[in-house]
Amino acid sequence: LAATSALDEKECHIALVDITERMQSRDSFRQSEFRYKQLVENSGTSIVIIDREGIYRLVNNIAAKPFGRPKEEIEGSSMFDLLPRNTAEKYLEANRSLIDSGGHREYEDTFTMAEGQKTFLIVDQVLQDDHGQNYAIQSSAIDITERNHAENELRASEERFSVAFRQG
């Protein structure tokens, strides 16, 4: 309960307002937000939300790692602040097109990072606001560099075996 009072010369006025439901709603929202943040951080994948202007609105720790910056420094930054200009332009155009059309896309892409070339499997999903309007992309990425390397090694080994088998 919240109480307010007014005192004049002869009377005291008190108004009581029950705010229990408001407090429960606030606590429920905080708990929901906490669970959402844990889900994003513990997903095991890189997760970012990028709006139609190319601004990073949400970045988890896995996504921040290749940039060598804490996620708090990346959030609010433009793609143009973090990526080479031609790469940022390419992704901004593709993201705007996807936001306009809705839906999702899945693809592989290779980037030059501090640790060298890295290949990622990327899944982009359009996000909608509470009015059903497309406003951003949630992009999830998994580093598949080692998997691709292993697949290439296996193919090369199979090729060598095939050649040796035909000759023998």
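Please read all numbers here as calculations on a predicted model, not as lab measurements.

In this section: the nonpolar core. Of all hydrophobic cores here, the largest spans 18 residues; its most connected members are Tyr56, Val59 and Met79. Among the elements of the structure, β3 (46-51), β4 (56-59), α2 (61-64), α4 (79-82), α5 (85-101), β5 (104-113) and β6 (116-128) are those that each provide at least two residues to this core. Broken down by element, the residue count for this core peaks at three residues, all from β5. If near-sequence neighbours (up to four positions away) are discounted, Met79 is found in contact with Ile50, Gly54, Tyr56, Ala88, Tyr91, Leu92 and Asn95. Val40, Leu58, Leu127 and Ala136 belong to the second-largest nonpolar core, a separate cluster that totals six residues.

This part takes up the environment of Thr45. Mapped onto the elements of the fold, Thr45 is located in the loop between α1 (20-41) and β3. Separated by 16 residues in sequence, Thr45 and Asn61 have C-alpha atoms that sit 9.4 Å apart. Excluding residues that lie within four positions of it along the chain, Thr45 makes contacts with Asn60, Ile62, Ser140, Ala141 and Ile142. Within the local environment of Thr45, its side chain forms a polar contact with the side chain of Ser43, the two groups lying 3.2 Å apart.

Turning to the pairing of β6, a few remarks are in order. Look at any regular strand and the pattern is simple: side chains alternate between the two faces of the sheet. Two elements, β5 and β6, share 10 bridges in a ladder whose sense is antiparallel. Of the residues in β6, the one forming a bridge with Arg105 is Asp124. Linking two consecutive strands that pair antiparallel, namely β5 and β6, is a turn of two residues. The turn linking β6 back onto strand β7 (residues 134-143) is made up of five residues, and Gly132 within it adopts a positive phi angle of 80°.

This part is about the packing of aromatic side chains. Applying the stated rule across the entire model yields three aromatic pairs. An aromatic cluster is present here, built from Tyr91, Phe111 and Phe120 joined pairwise through their rings.

With that settled, the discussion passes to the sheet that holds β3. Here five strands make up an open sheet; going across it, the order is β4-β3-β7-β6-β5 and the pairing antiparallel. In this open sheet, the two strands that pair with only one neighbour each are β4 and β5. Neighbouring strand axes in the sheet, compared pairwise and without regard to direction, differ in orientation by 25° on average. Of the pairings in the sheet, the one linking β3 to β7 comprises six bridges and is antiparallel in character. If you follow Ile50 over to β7, its bridge partner there is Ile137. Against the sheet, α5 touches β3, β5, β6 and β7, its axis set at about 170° to β5. The strands touched by helix α6 (residues 145-167) within the sheet are β5, β6 and β7, with β6 carrying the most contacts at an inclination of about 125°.

Right, let's talk about the pattern of salt bridges for a bit. Counted by the stated rule, this structure contains nine salt bridges. Linking Arg57 and Asp51 is a salt bridge whose minimum nitrogen-to-oxygen distance equals 2.9 Å. Taking the relative accessible area as the measure of exposure, Asp51 reaches 11% and is therefore buried. Of the charged contacts, one joins Arg52 and Asp100 as a salt bridge, the two residues approaching to 3.0 Å between their closest N and O atoms. In this pair, Arg52 is assigned in the loop between β3 and β4 and Asp100 in helix α5, connecting sequence segments 48 residues apart. Taking relative accessible area as the criterion, Asp100 reaches 54% and is therefore assigned exposed.

Looking now at the environment of Glu75. Within the secondary structure layout, Glu75 lies in the loop between α3 (71-74) and α4. Glu75 sits in the partly exposed class, given a relative accessible area of 32%. Residues Glu75 and Ile55, spaced 20 residues apart in sequence, show a C-alpha to C-alpha distance of 7.7 Å. Excluding its chain neighbours within four sequence positions, the residues that come into contact with Glu75 are Tyr56, Arg57, Leu58 and Val59.

Parameters and conventions
Residues numbered from 1 in each chain as written. Predicted model: local features only at pLDDT ≥ 70, side-chain atom pairs only at ≥ 80, totals over all residues. Heavy atoms only, no water. Core = buried A, V, L, I, M, F, W, Y, C linked by side-chain atoms within 4.5 Å. Buried < 20%, exposed > 50% of the residue type's maximum accessible area, 1.4 Å probe, protein only. Helix = DSSP H or I, 4+ residues; strand = E, 2+ residues; numbered from the N terminus. Contact = heavy atoms within 4.5 Å. Polar contact = N/O pair within 3.5 Å; in protein donor to acceptor, adjacent residues only side chain to side chain. Pairing = 2+ DSSP bridges. Phe/Tyr/Trp six-rings, centres within 6.5 Å; stacked < 30°, edge-to-face > 60°. Axes fitted to C-alpha atoms, helices over the stretch in contact; angles between N-to-C directions. Salt bridge = Lys/Arg side-chain N within 4 Å of Asp/Glu carboxyl O.

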